[in-house]
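Descriptive structure summary
In case you want the letters, here they are:
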Amino acid sequence: MPFKQQDGVWVPDLPEYPLGTAFSAGDWNQGPGGGRFIPEMRDGLTLAQKVENMRRAGCTHIEFHDTEAPRAQAKQFTKIVHDGGLKIHMCTANLFRRPEFVGSNFASRDSKVRKAAIEYTKDYIDVGVNIFDADVYVYWNGSNGIVIPLSTDYLGAYKRTVESLQEILEWMIKTYGAEKALCFAFEPKPNEPPGWSIPADVGEAMAIISMLPAKLQPFIGFNPETCHSQMGGKRYAMELGLAASLGKLFYTHLNGGSENPKFDEDRAFGDINFSTAVEIVYTLKEVGYNSVVGMDVQPLPGDTNEQQAES
């Protein structure tokens, strides 16, 4: 059960693993590659091939967007994952690669866009609870934010984000009860794809949480990502410390990137700055993190199919 009561307060009840014994990666972390400036370099793999690669690389868990494992195929995909020796730890709705979200999602001024984002989120939370038996739902802000200065009302953008989250959390608790509610985790990012994203970092995400009704606040926390923090000029280990000090370090996404504002490189953890990786592991030990460690790492652009598990 993702939540339990402790001294009259709901707290996460995530599965416990000694640090370094349980790892997860996304279905999206193996694929043909490509991007704005790079052509696709590899063939697509079946889910069974991806699961086998992950298992060989040391993963114990996998995670999905709803565009990779849609509801209609969720049971089939769950069986493939379990047959391959993995579990599903996290799920997330894709609120960024759908045309309606090109300008924003929860912060959008268009009520139809906000409704679509809310409904996609609710639907995949239901898949996570009733099909995947997942523990964590992650909301990466994705398209949420400001594309052009003065293109929207800033006060309203934050208020609409809070109102959307409130509707989702109230629905989740009413539908499944507090014990079965998934740990809902913000994954902040300062920019990309928007010029200015909401929320940008753990501190801004906490400010948004503080605007929610007090009864909902225990059910929402953080999934900080290394590259996202570094893009905003943050020291990732400090973001972990802040999230943990608030009792809201629900999950992690580790990877590697240049330690200056740049773009989301998603390189292998420790490849670019080994000393930073040591600091991060030390901090995870120091704060007592004892659940699944997530890795959001992409193969190098020129990697072949046979190299997809190496990163």
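Structure: see above.
Note that the structure is a prediction, hence the values are computed from the model and not measured.

A closer look at the nonpolar core
Counting 75 residues, the largest nonpolar core has Phe64 and Phe132 as the members making the most contacts within it. Per element, the largest residue contribution to this core is nine residues, and it comes from helix H3 (residues 111-132). Ignoring anything within four residues of it in the chain, the contact list for Phe132 reads Phe64, Ala69, Ala74, Thr78, Ile88, Cys91, Tyr124 and Val127.

Remarks on unusual backbone geometry
With an omega dihedral of 15 degrees, the bond running from Glu192 to Pro193 counts as a cis peptide bond. Each neighbour pair has its own omega, and for Ile198 with Pro199 the value is -5 degrees, a cis peptide bond. Relative to the assigned elements, Pro199 resides in the loop between strand S9 (196-197) and helix H5 (202-210). In this structure, Glu192 is a non-glycine residue whose phi angle is positive, near 75 degrees. By relative accessible area, Glu192 is classed as partly exposed at 29%. One non-glycine residue with positive phi stands out, namely Asp266, at about 55 degrees. With respect to the helices and strands, the residue Asp266 is situated in the loop between strand S11 (253-254) and helix H8 (274-286). For Asp266, a relative accessible area of 9% corresponds to the buried category.

A closer look at helix H1 (residues 47-57)
Looking only at H1, the buried set comprises Leu47, Lys50, Val51, Asn53 and Met54. On an axial view of H1, the arc spanned by its buried residues comes to 160 degrees, and they lie on one face. The elements touched by buried residues of H1 are strand S3 (23-26), strand S4 (61-65) and helix H2 (71-83). In the segment just after H1, Gly58 is the residue with positive phi, at about 110 degrees.

Here we look at H5
Those residues of H5 not exposed but buried are Val202, Ala205, Met206, Ile208 and Ile209. The buried residues of H5 occupy an angular sector of 155 degrees when the element is viewed end-on, so they sit on one face. Close packing links the buried residues of H5 with helix H4 (154-180), strand S8 (183-187), strand S10 (220-222) and helix H7 (236-245). The N-cap residue of H5 is Asp201: its side-chain oxygen and the backbone nitrogen of Gly203 are 3.2 Å apart.

Considerations on the sheet that holds S11
Spatially, the eight strands line up as an open sheet ordered S10-S8-S6-S5-S4-S3-S12-S11, and their pairing is parallel. Both edges of this open sheet fall to S10 and S11, since each of them pairs with a single strand only. Inspection of the sheet shows strand S6 (residues 136-140) paired to S8 by five bridges, in the parallel sense. Along S8, the bridge assignment pairs Val136 with Cys183. Packing of H2 onto the sheet brings it into contact with S4 and strand S5 (87-92), and relative to S5 it is tilted by some 140 degrees.

A word on the side chain of Asn29
By secondary structure assignment, the location of Asn29 is in the loop between S3 and H1. Under the relative-accessibility criterion, Asn29 is labelled buried at 5%. One polar contact links Asn29 to Asp296, side chain to side chain, over a distance of 2.9 Å. Leaving out residues up to four positions away in the same chain, Asn29 has contacts with Met295, Asp296, Val297, Gln298 and Pro299.

Parameters and conventions
- Residues numbered from 1 in each chain as written.
- Predicted model: local features only at pLDDT ≥ 70, side-chain atom pairs only at ≥ 80, totals over all residues.
- Heavy atoms only, no water.
- Core = buried A, V, L, I, M, F, W, Y, C linked by side-chain atoms within 4.5 Å.
- Buried < 20%, exposed > 50% of the residue type's maximum accessible area, 1.4 Å probe, protein only.
- Helix = DSSP H or I, 4+ residues; strand = E, 2+ residues; numbered from the N terminus.
- Contact = heavy atoms within 4.5 Å.
- Arc of directions from axis to C-beta.
- Polar contact = N/O pair within 3.5 Å; in protein donor to acceptor, adjacent residues only side chain to side chain.
- Pairing = 2+ DSSP bridges.
- Axes fitted to C-alpha atoms, helices over the stretch in contact; angles between N-to-C directions.

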